[in-house]
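Structure at a glance
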Amino acid sequence: MDYQAVVVQRPPRARHSPESRYWRQFKRPVFIKEYAPVTAVHFAPAKPHRYAVTAATRVQIYAPRTQKVVKTISRFKDVARSGHLRHDGKLLVAGDDTGLVQVFDVNSRAILRTFDSHKQPVHVTKFSPLTPTHVLSCSDDTTVKLWDIPSQSEIITFVAHTDYVRSGQVSPSNPHLVLTGSYDATMRLFDSRTGQCELLMAATSPGASPVEQVLMLPSGSVALSAAGPILRMWDLNAGGRCIRALSNHQKTITSLAFDPNVARLLTGSLDQMVKVYDIASYKVVHTMRYPAPVLSLAISPDSTHIAAGMSDGTLSVRQRQPKASQSDMADALTTGTYETFLGGALSSVGQGRVKAKTKSTFHGDVDELRVESRRAPRLREYDRLLKSFKYSAALDAVLRKNVRPITTFSLIQELIHRDGLRSALSGRDDVLLEPVLRLLVKHVADPRFGEMVCDISILLIDMYAPALGQSPLIDSLFLRLRKKVIAEIRFQKELMKAKGTLEMIFSSATLVSTPALPQNE
């Protein structure tokens, strides 16, 4: 009969959903330290999807492949705000705390336009998605302005808000509609054709929180707002009615971002969490933890990078390596060639071959006898020693520092089944007994191994009681084991008291909630 290797009882792994496995592919985060809190991150829609990072008195343009700075724009008189790239990635608009709005040429870093009508800090500057020659700006002077870049003139000013305006965007479906959120706890939809506020949306609860961020779906029919830790959805077609309110964060939500397919919503918060929502069900499908409060958040248009700016001045960039499909490789090889011009008549030329992962089949004579070879499994060191009945050496092999405790206790369990634990522990001096005692001291309070540790400790005391007092090291380890057992017993007693108290509270609450039965007269 073949030797059966020691079965290591591994704890069951948590099963992740396909959604969670997808977002877990964004790993190997790159941390870049800035001089001040990172207040804005924005990816250019056009390839190679460079992204602008706004911190302190400068806006830096990063290359997504290398995470290196390719351009630095620092021509600001005060703290820069809301660096935003145009869809072609050639122009950048940003505001600052002096109230200036400036448009830069990314390549030359020259100032192309300057708008100076705002009297207080400008926290929002964005290009209009449908009219790239228009710029939106929202300021702490409670005004919202639309600017025309070619004529360097103001198109219109909205003055309906009564407090700081810290968020806003032009509708992705209508260039005349502007959605804004203010610290007056309201969200407004303006129309540049009439110059009036067409919709007013506000929470009905008293003491509502300031609106930190707003976002509109590409269809223009639903708007999202973040006020405090609450995320709200508003139906614009139904007159601005709130259709859903979610409170999954513990602190204020500071940033909202859609994935490229607009199927998932990412929210960043001061509770150091980024949560991913399913737009269809508004349920949280994944959560990412960050080392500091998140102030800004963006995801690249090709879904390969997630950039988050934090309050401690750290920029975190998580990357995902997409699997290149065979069709993508073929397109890359044939694009721009004469075969492509012919409409795919010679599509097989230059496409390359992908090696199959299947095993090669045997091709030989029909009557030929084939002997199938089976490779014997390679045993680990402790299995080889156990196979040779060297119990003490097998135990020493799993008492090393690089061996996991689940493996060590699995082998001890096998020695107990073989009735060889006493043999493995006998005949040890203080040097060989020390790792055994250190293992017991370390894991006596572990619920996975506590019962086995107690059995081994009783056996050791029975075997080495006559030798106690001869080695100060062994005596100190036995005393440490005794103290940890006493502390664990005390802790278990406190838990039992707490359990009894909770049971009394729950039973009394049940009696109070149960209605009294009417008495028959």
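For the structure given in this document, a descriptive report is provided here. All values derive from a computational prediction rather than experimental measurement.

This paragraph deals with the side chain of histidine 84. Inspection of the secondary structure puts histidine 84 in strand β6 (residues 80-85). At a separation of 3.2 Å, a polar atom in the side chain of histidine 84 contacts the side chain of histidine 42. Excluding its chain neighbours within four sequence positions, the residues that come into contact with histidine 84 are His42, Leu91, Leu92, Val93, Thr125, Lys126 and Phe127.

Before going further, it helps to spend a moment on the pairing of strand β16 (residues 186-191). Where a strand is regular, its side chains alternate between the two sheet faces. Of all six residues making up β16, six are buried, and the element is well covered by its neighbours. Across the two faces of β16 the burial is the same, with Thr186, Arg188 and Phe190 and Met187, Leu189 and Asp191 all buried. Of the pairings in the sheet, the one linking strand β15 (residues 177-182) to β16 comprises five bridges and is antiparallel in character. The residue of β16 that forms the bridge with leucine 179 is leucine 189. In this structure, the hairpin formed by β15 and β16 is closed by a connection of three residues, where alanine 185 is found at a positive phi of approximately 70 degrees. Judged from the six bridges that link them, β16 and strand β17 (residues 196-202) form a sheet pairing that is antiparallel. Bridge pairing in β17 links leucine 189 to leucine 199. With antiparallel pairing between neighbouring strands as the criterion, β16 and β17 make up a hairpin whose turn holds four residues, including glycine 195 at a positive phi of roughly 75 degrees.

Conventions we followed
- Residues numbered from 1 in each chain as written.
- Predicted model: local features only at pLDDT ≥ 70, side-chain atom pairs only at ≥ 80, totals over all residues.
- Heavy atoms only, no water.
- Helix = DSSP H or I, 4+ residues; strand = E, 2+ residues; numbered from the N terminus.
- Polar contact = N/O pair within 3.5 Å; in protein donor to acceptor, adjacent residues only side chain to side chain.
- Contact = heavy atoms within 4.5 Å.
- Buried < 20%, exposed > 50% of the residue type's maximum accessible area, 1.4 Å probe, protein only.
- Pairing = 2+ DSSP bridges.

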